[in-house]
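# Coordinates in review
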Amino acid sequence: IGPALDGGYYLLAMKKLHPDLFEKISWSTNKVLEQTVAVCNRLNFKTLLLPELSDIDDEDDLKRANEQSQLLKFSGV
């Protein structure tokens, strides 16, 4: 799971679809990651948290991510 800065996640990887992970989640709140991890624990899924990053929820987020990407390229990172 890739945690997002806003309390959600930017990536949820799994080998097969588990619809339970998307039910009874308070979408568009800062509780999404917490609730998703709780469901994973309840289902005894092995989880690994990736580095916390920004996610892309709207056009402004996409523009900001593109600008950050360009800065990283320019700085040689």
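Above this text you will find the structure in question.
Read on for an overview of the structure. (Residues numbered from 1 in each chain as written. Predicted model: local features only at pLDDT ≥ 70, side-chain atom pairs only at ≥ 80, totals over all residues. Heavy atoms only, no water.)

### Thoughts on the nonpolar core
Ranked by size, the top nonpolar core spans nine residues in total: Ile1, Tyr9, Leu12, Leu21, Ile25, Val32, Leu33, Val39 and Cys40. With four residues, helix 1 (residues 32-42) is the single largest residue contributor to this core. The residues contacting Val39, other than those within four sequence positions of it, are Asp20, Leu21 and Ile25. (Core = buried A, V, L, I, M, F, W, Y, C linked by side-chain atoms within 4.5 Å. Buried < 20%, exposed > 50% of the residue type's maximum accessible area, 1.4 Å probe, protein only. Helix = DSSP H or I, 4+ residues; strand = E, 2+ residues; numbered from the N terminus. Contact = heavy atoms within 4.5 Å.)

### Some words on unusual backbone geometry
A positive phi angle, near 55°, is found at Lys24, a position not held by glycine. Counting through the fold element by element, Lys24 comes out in the loop between strand 2 (9-11) and helix 1.

### Side note on the pattern of salt bridges
Going through the model one piece at a time under the given rule, you end up with three salt bridges. Among the ionic pairs, Glu59 bridges to Lys63, the shortest N-O distance being 3.6 Å. Residue Glu59 and its partner Lys63 are located together in helix 2 (residues 59-75), separated by four residues, close to a single helical turn. Given the relative accessible area of 45%, Lys63 is considered partly exposed. (Salt bridge = Lys/Arg side-chain N within 4 Å of Asp/Glu carboxyl O.)

### Examining the packing of aromatic side chains
Both the distance between ring centres and the angle between the ring planes are used here to describe each pair of aromatic rings. In the structure shown here, the tally under the stated rule is one aromatic pair. A centroid spacing of 6.4 Å and a plane angle of 15° characterise the contact between Phe22 and Trp27, whose relative ring orientation is stacked. Looking at Trp27, the relative accessible area reads 42%, which means it is partly exposed. (Phe/Tyr/Trp six-rings, centres within 6.5 Å; stacked < 30°, edge-to-face > 60°.)

### Quick look at the layout of surface pockets
Where empty space is left in the structure can be found by rolling a water-sized probe over the atoms. The calculated volume of the largest pocket comes to roughly 290 Å³. For the largest pocket, the lining is made up of 14 residues, of which Ile1, Ala13, Met14, Lys46 and Thr47 are closest to its centre. In the lining of the largest pocket, the residues fall into 10 nonpolar, two polar and two charged. Within this model, the second largest pocket holds a volume of roughly 160 Å³. Lining the second largest pocket, in full, are Ser54, Asp55, Ile56, Asp57, Asp61, Arg64, Ala65 and Gln68. Here the lining of the second largest pocket is built from residues that sort into two nonpolar, two polar and four charged. (1 Å grid on protein atoms, 1.4 Å probe; cavity = no way out; pocket = protein on both sides within 12 Å on 5 of 7 lines; lining within 4 Å. Points joined across faces, edges and corners; volume = space filled by probe spheres on them. Nonpolar A, V, L, I, M, F, W, Y, C, P; charged D, E, K, R; others polar.)

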